[in-house]
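Survey of secondary and tertiary structure
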Amino acid sequence: MVSLKKWANQYRMKKAKYILHRREEYQIEPSLHTRIHDLLKRCFSEYPAGRSYYQQVPTFRHLVYDQQRLVGHLAIEYRMINLAGAIVPIFGISDFCVDPDYQSQHIATDLLERVEAEARDRHIDFIILATTEQSFYEKRGYQHSDNPCRWLLLTRQQTLGVAQRRIERGIMVKATGNQPWMEGLLDFLGPMF
């Protein structure tokens, strides 16, 4: 198991030249939000202007640096969900990206492994994400969820209502605790990540 003390500040990734910082959202200063936005915009061309989050701020982030350059980002939302009537703790992943100049160097894999270790250490039952890049996650043990889903629908920072439908091959999950994944309604109890 990973020592929880390692999550407090920073530590080196597998490739010694990269440093990973774990930052609580409320600790991120405006200049770092700007740097995060710049990386997200570089990786996702249609990312919302002027924001370092898509719909809602995450709970914490993992940030990868090559010296002073921000080259990797993974946002994590900690919350409870209702899975077929059972209330379970999860980490929801969003805005996961690596600078195009740094891809194929195992940065994304290392980031994902760190989050999975933290989830196991902190007794989080599942990691959940919405993606179109299924093969990357399938290779790392994530599985498709065919559960019907319910979530708070947000657009342009406004609540539009509650959506409920099945998202074909878009939701992926990985168990990090002892709770088995169940069939039935997956209620995000808020917006999707």
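Right, let's walk through the structure included here. (Residues numbered from 1 in each chain as written. Predicted model: local features only at pLDDT ≥ 70, side-chain atom pairs only at ≥ 80, totals over all residues. Heavy atoms only, no water.)

What about the packing of aromatic side chains?
- Here the structure, examined in full by the defined rule, presents 11 aromatic pairs.
- Where F126 meets W181, the ring centres are 4.9 Å apart and the plane angle is 85°; that geometry is what we call edge-to-face. Taken together, the residues F126 in strand β6 (residues 126-130) and W181 in the loop between β10 (171-175) and β11 (186-191) connect sequence positions 55 residues apart.
- For F126, a relative accessible area of 1% puts it in the buried group.
- A relative accessible area of 23% means that W181 is categorised as partly exposed.
- Centroid distance Y137 to Y142: 5.5 Å. Interplanar angle 75°. Geometry classified as edge-to-face.
- You can call Y142 buried: its relative accessible area is 3%.
- Clustering of aromatic rings is evident, with ring pairs tying together F96, F136, Y137 and Y142.
- The ring of F60 carries the charged tip of R22 above its face, separated from the ring centre by 3.8 Å. (Phe/Tyr/Trp six-rings, centres within 6.5 Å; stacked < 30°, edge-to-face > 60°. Helix = DSSP H or I, 4+ residues; strand = E, 2+ residues; numbered from the N terminus. Buried < 20%, exposed > 50% of the residue type's maximum accessible area, 1.4 Å probe, protein only. Lys NZ or Arg CZ within 6 Å of the ring centre and 35° of its normal.)

What about the pairing of strand β4 (residues 69-83)?
- Of all 15 residues in β4, 11 are buried, a share of seventy percent or more.
- Across seven bridges, strand β3 (residues 60-66) lies against β4 in antiparallel orientation. When the bridges of β4 are listed, H62 appears paired with L74.
- Here β3 folds back onto β4, and the loop between the two strands holds two residues, one of which, Q67, carries a positive phi near 55°.
- Here β4 pairs with strand β5 (residues 86-98) via 11 bridges, running antiparallel. (Pairing = 2+ DSSP bridges.)

Some details on the environment of H123
- Along the chain, H123 turns up in the loop between α2 (107-121) and β6.
- When the C-alpha positions of H123 and P89 are compared, they lie 8.1 Å apart, and in sequence the two are 34 residues distant.

Structural notes on the environment of V64
- Inspection of the secondary structure puts V64 in strand β3.
- By relative accessible area, which is 0% here, V64 ends up buried.

Some points on the layout of surface pockets
- Volume-wise, the largest pocket comes out at about 1300 Å³.
- Lining the largest pocket are 41 residues, and of these F44, D95, F96, A130 and T131 lie nearest its centre.
- A per-element tally of the lining of the largest pocket places β5 first, with six residues.
- Here the lining of the largest pocket is built from residues that sort into 26 nonpolar, 10 polar and five charged. (1 Å grid on protein atoms, 1.4 Å probe; cavity = no way out; pocket = protein on both sides within 12 Å on 5 of 7 lines; lining within 4 Å. Points joined across faces, edges and corners; volume = space filled by probe spheres on them. Nonpolar A, V, L, I, M, F, W, Y, C, P; charged D, E, K, R; others polar.)

Quick look at the pattern of salt bridges
- For the structure shown, the criterion picks out 14 salt bridges.
- Its salt-bridge partner being E29, residue R23 comes within 3.0 Å of it at the nearest N-O pair.
- Taking the shortest distance from any N to any O, the salt bridge between R61 and E25 comes out at 2.6 Å. A residue pair is termed long-range when its members are at least 10 positions apart, and R61 in strand β3 and E25 in the loop between β2 (18-24) and α1 (30-43) qualify at 36 residues.
- On the accessibility criterion, R61 (0% relative accessible area) is buried.
- Residue class for E25 comes out buried when judged on its relative accessible area of 10%. (Salt bridge = Lys/Arg side-chain N within 4 Å of Asp/Glu carboxyl O.)

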